[in-house]
Amino acid sequence: MKNVLIVIDMQNDFIDGSLGTKEAQAIVPKVIEKIKNAKENGETVIYTRDTHESDYLQTQEGRLLPVTHCIRGTNGWQIPEAIRPHSDADDVIDKPSFGYTGWMDVIDASCGAITLIGLCTDICVVSNALILKALFPEVPVAVDAACCAGVTPEKHLAALETMRSCQIQVINA
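Residues numbered from 1 in each chain as written. Predicted model: local features only at pLDDT ≥ 70, side-chain atom pairs only at ≥ 80, totals over all residues. Heavy atoms only, no water.

**Let's talk about the side chain of Glu61**
And then number 1: For Glu61, the location among the structural elements is in helix H3 (residues 60-64).
And then number 2: The side chain of Glu61 is buried and forms no salt bridge, while Lys95, the nearest opposite charge, is found at 7.7 Å.
And then number 3: Polar contacts involving the side chain of Glu61 include one to the side chain of Tyr56, which spans 3.3 Å.
And then number 4: The contact partners of Glu61, leaving out residues within four places of it in the chain, are His52, Tyr56, His69, Pro96 and Phe98. (Helix = DSSP H or I, 4+ residues; strand = E, 2+ residues; numbered from the N terminus. Buried < 20%, exposed > 50% of the residue type's maximum accessible area, 1.4 Å probe, protein only. Lys, Arg positive; Asp, Glu negative; His and termini not counted. Salt bridge = Lys/Arg side-chain N within 4 Å of Asp/Glu carboxyl O. Polar contact = N/O pair within 3.5 Å; in protein donor to acceptor, adjacent residues only side chain to side chain. Contact = heavy atoms within 4.5 Å.)

What follows is the structure, encoded as structure tokens:
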């Protein structure tokens, strides 16, 4: 019953690229430490990567958020090497939308607990946390607020409160 750490969208475009923020940049050392500790403890670490194609601005999301970001193959799409220092492809999920709906194919329902960290708290982190809680209602799901950042600090806090309301544990480790 391994615990699972899910690193949501810690990509260049969300850290210091087209949608980067100072809050996202500030959490990078904490994220690196959290991943290191998870690996030392034998946890499964899974990364997600927001993945858009070159026609992003013609998609519904692109029309509502007209900022080109995380286009497959670009530097902005990449997870920085400091965060993901190895190159195994099997631990990265390329997701075309906020929330990944294939978690049951990746995570065993007998896992001990699931913790999420990453970007952006108020979009992809909350989306995936809610999906995971719905799919695995008896598995403890947590979000480490110290390893997350939102589009704004206010939206970060609002997303954390939403997750608390849905029985997702918010920790500040």
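Moving on, there is more to tell.
**Some remarks on the packing of aromatic side chains**
Aromatic rings considered in pairs are described by the distance between their centres and by the relative angle of their planes.
And then number 1: Using the criterion set out here, one finds 1 aromatic pair in the structure.
And then number 2: In this structure, Arg84 is placed above the aromatic ring of Tyr47, and the distance from its NZ or CZ to the ring centre is 5.8 Å. (Phe/Tyr/Trp six-rings, centres within 6.5 Å; stacked < 30°, edge-to-face > 60°. Lys NZ or Arg CZ within 6 Å of the ring centre and 35° of its normal.)

**A closer look at helix H5 (residues 153-165)**
And then number 1: Between its first and last C-alpha atoms H5 spans 19 Å; for 13 residues at 1.5 Å apiece the expected length is 18 Å, and the two agree.
And then number 2: Where H5 is concerned, the buried positions are His156, Ala159, Leu160 and Met163. Along H5, the residues classed as buried sweep out an arc of 100 degrees about the axis, all on the same side. Exposed side chains of H5 directed beyond 90 degrees from the buried face belong to Glu154, Leu157 and Ser165.
And then number 3: For H5, the secondary structure elements touched by its buried residues are helix H4 (121-135), strand E5 (141-149) and strand E6 (169-171). (Expected span 1.5 Å × (residues − 1). Arc of directions from axis to C-beta.)

**Comments concerning the environment of Asp9**
And then number 1: Assignment of secondary structure puts Asp9 in the loop between strand E1 (4-8) and helix H1 (12-15).
And then number 2: In this structure the C-alpha to C-alpha distance between Asp9 and Lys95, which are 86 residues apart in sequence, comes to 9.3 Å.
And then number 3: In this structure Asp9 touches Phe14, Thr48, Arg49, Asp50, Lys95, Leu119 and Cys124, once residues within four positions along its chain are discounted.
And then number 4: Of the polar contacts made by the side chain of Asp9, one reaches the backbone nitrogen of Asp50; its length is 3.2 Å.
And then number 5: Separated by 2.8 Å, the side chains of Asp9 and Lys95 make a polar contact.

**Quick notes on the environment of Trp103**
And then number 1: Of note, Trp103 is situated in the loop between strand E3 (92-95) and strand E4 (114-119).
And then number 2: For the pair Trp103 and Phe136, spaced 33 residues apart in sequence, the C-alpha separation works out to 9.6 Å.
And then number 3: Look past the residues within four positions of Trp103 in its chain and what remains in contact with it is Ile6, Ile46, Thr48, Ile93, Asn128, Ile131, Leu132, Leu135 and Phe136.
And then number 4: There is a polar contact of 3.1 Å between the side chain of Trp103 and the backbone oxygen of Tyr100.

**Section: unusual backbone geometry**
Trans peptide bonds make up most of the peptide bonds, and negative phi angles are found at most residues other than glycine.
And then number 1: In this structure, Cys120 follows Leu119 across a cis peptide bond, with omega equal to -20 degrees.
And then number 2: Mapped onto the fold, Cys120 is located in the loop between E4 and H4.
And then number 3: Unusually for a residue other than glycine, Cys70 sits at a positive phi of about 50 degrees.
And then number 4: Examined against the element boundaries, Cys70 turns out to sit in the loop between H3 and E3.

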